[in-house]
Structure formats: C-alpha cells, structure tokens
Amino acid sequence: MLKSTGKIIYDPKRGDMKRRTDWWCVVDVDKEITRYMRWWVKKEYWIDLCQPSWDAHISVIRGEKPRPDLMHLWKKYQGERVEFEYDLNIRRSGDTTGWDRPDHFWFVNVKCPKLIEIRKELKMPSHWNLHLTIGRTY
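Once a new chain begins, its residue numbering starts again from 1 and follows that chain's sequence as written. Note on the predicted model: pLDDT of at least 70 is required for a residue's local features to be given, and 80 or more for side-chain atom pairs to be given and counted; whole-chain, interface and lining totals, by contrast, use all residues. No hydrogens and no water enter the side-chain calculation; it runs on all heavy atoms of the structure.

### Side note on the overall build of the protein
Part 1 of the argument: Numbered from the N terminus, helices here are DSSP runs of H or I no shorter than four residues, and strands are runs of E no shorter than two. Secondary structure summary: the protein contains 3 helices and 7 strands in total.
Part 2 of the argument: Taken from the N to the C terminus, the helices and strands of the protein come in the order β-β-α-β-β-β-α-β-α-β.
Part 3 of the argument: Partly exposed residues are those whose accessible area sits between 20% and 50% of the maximum for their type, while under 20% is buried and over 50% is exposed, using a 1.4 Å probe and protein chains only. Here the protein holds 138 residues, and 41% of them are scored as buried.
Part 4 of the argument: Put simply, of all contacts in the protein between residues at least 6 apart along the chain, 72% involve residues at least 24 apart.
Part 5 of the argument: By element, 49% of the accessible surface of the protein is carried by carbon and sulfur atoms, the whole surface being about 8400 Å². Contact criterion: two residues are considered in contact whenever any of their non-hydrogen atoms come within 4.5 Å of each other. The Shrake-Rupley method, run with a 1.4 Å probe, gives the accessible areas here. Residue values count only the displayed protein chains as cover.

### Looking at the pairing of strand 2 (residues 24–29)
Part 1 of the argument: Counting buried positions along strand 2 yields 5 of 6 residues, so the element is predominantly enclosed.
Part 2 of the argument: If DSSP finds at least two bridges between two strands, the strands pair. Two elements, strand 1 (residues 2–10) and strand 2, share 5 bridges in a ladder whose sense is antiparallel. Looking at strand 2, one finds that Ile8 is bridged to Val27.
Part 3 of the argument: Bridging between strand 2 and strand 3 (residues 57–62) involves 5 bridges; their strand directions are antiparallel. Directly across from Trp24, in strand 3, lies its bridge partner Arg62.

### Observations concerning helix 3 (residues 113–121)
Part 1 of the argument: Among all positions in helix 3, only Leu115, Ile116, Ile118 and Arg119 are buried. With its buried residues spanning 150° around the axis, helix 3 presents them on a single face. What points out from helix 3, more than 90 degrees from its buried face, is the exposed set Pro113 and Lys120.
Part 2 of the argument: Where helix 3 is buried, its residues touch strand 1, strand 2, strand 3, strand 4 (81–86) and strand 7 (130–136).
Part 3 of the argument: Once helix 3 ends, the next one or two residues include Lys123, with phi positive near 55°. By definition, the arc is the one covered by directions from the helix axis to the C-beta atoms.

### Some words on the pairing of strand 4
Part 1 of the argument: Residues Val82, Phe84 and Tyr86 point to one face of strand 4 and are all buried, whereas Arg81, Glu83 and Glu85, pointing to the other face, are not buried.
Part 2 of the argument: Relative to strand 4, strand 1 runs antiparallel, the two being bridged by 6 bridges. Directly across from Leu2, in strand 4, lies its bridge partner Tyr86.
Part 3 of the argument: Where strand 4 and strand 6 (residues 105–111) come together, 2 bridges link them in antiparallel fashion. Bridge pairing in strand 6 links Glu85 to Lys111.

Below, the structure written as structure tokens:
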C-alpha cells in the first residue's frame, strides 16, 4: 500500500451535473495519482478513461442526508487533511458487483480509518470498502 493525503470537501461542485449533487462528502486527492493510473489503463488495456466528475477523489458520503438530530455534524471536517493508503490493483466497477452493473468506473482500494469514523459518527453504514476513483469509460 502507498500513502498519500487529501482534503475533505462537503458538497463539492460537480460541473454541469444536475442530479444527485446534494449531501456528498469527498476527499480531494492529488490528481497526478489518478492521471498516472489512467495512463496505465490506456497502456495495458487500450481503454481511454475520462476523469471522474470530481476528478481524483475518495467518496465518503454519497448523497446520504444525515438524520435531523445529527445535522449539526455536517461539514464538521470541512477542509481537514487526512492520510490514506491505496493499492495499485486497478479494478473496475463490475469486479465488485458480480457484473450486475456496467463496468464504467475504474478505481483502487483505499484504507482510511478516519473516513469510516466520519460515517459512523453520522450513523451511516460503514461496512463497505473505500476506493479512489481514477476514471470512467462513458
């Protein structure tokens, strides 16, 4: 596993996207990490990947509105830097869904206890694996 850092951002701007833009929290990551990985996918698989909507990021909260009694915790960590670990085993979404969804998204696994703690603090499910989105095919 390699180590890096990123900055927590709540309600990130998502360009021209109009749907599903509320109640998101991501970690903004060094874009060179994902640029290199997209190059590697092109070299190995001959597939051109587009940048994800928020460029290099780790999704922490994905359109999940906090309960009213926990709303005061929203944006608690805005701008905070976190350290995370990531591997170099590039995968695509079909790898983790039993191919019941198209394999448009490419990612690597991430470990970051702080991000899981944020989900637990908001009483959101926390049993899933984090990932660093590196690109998409559509």
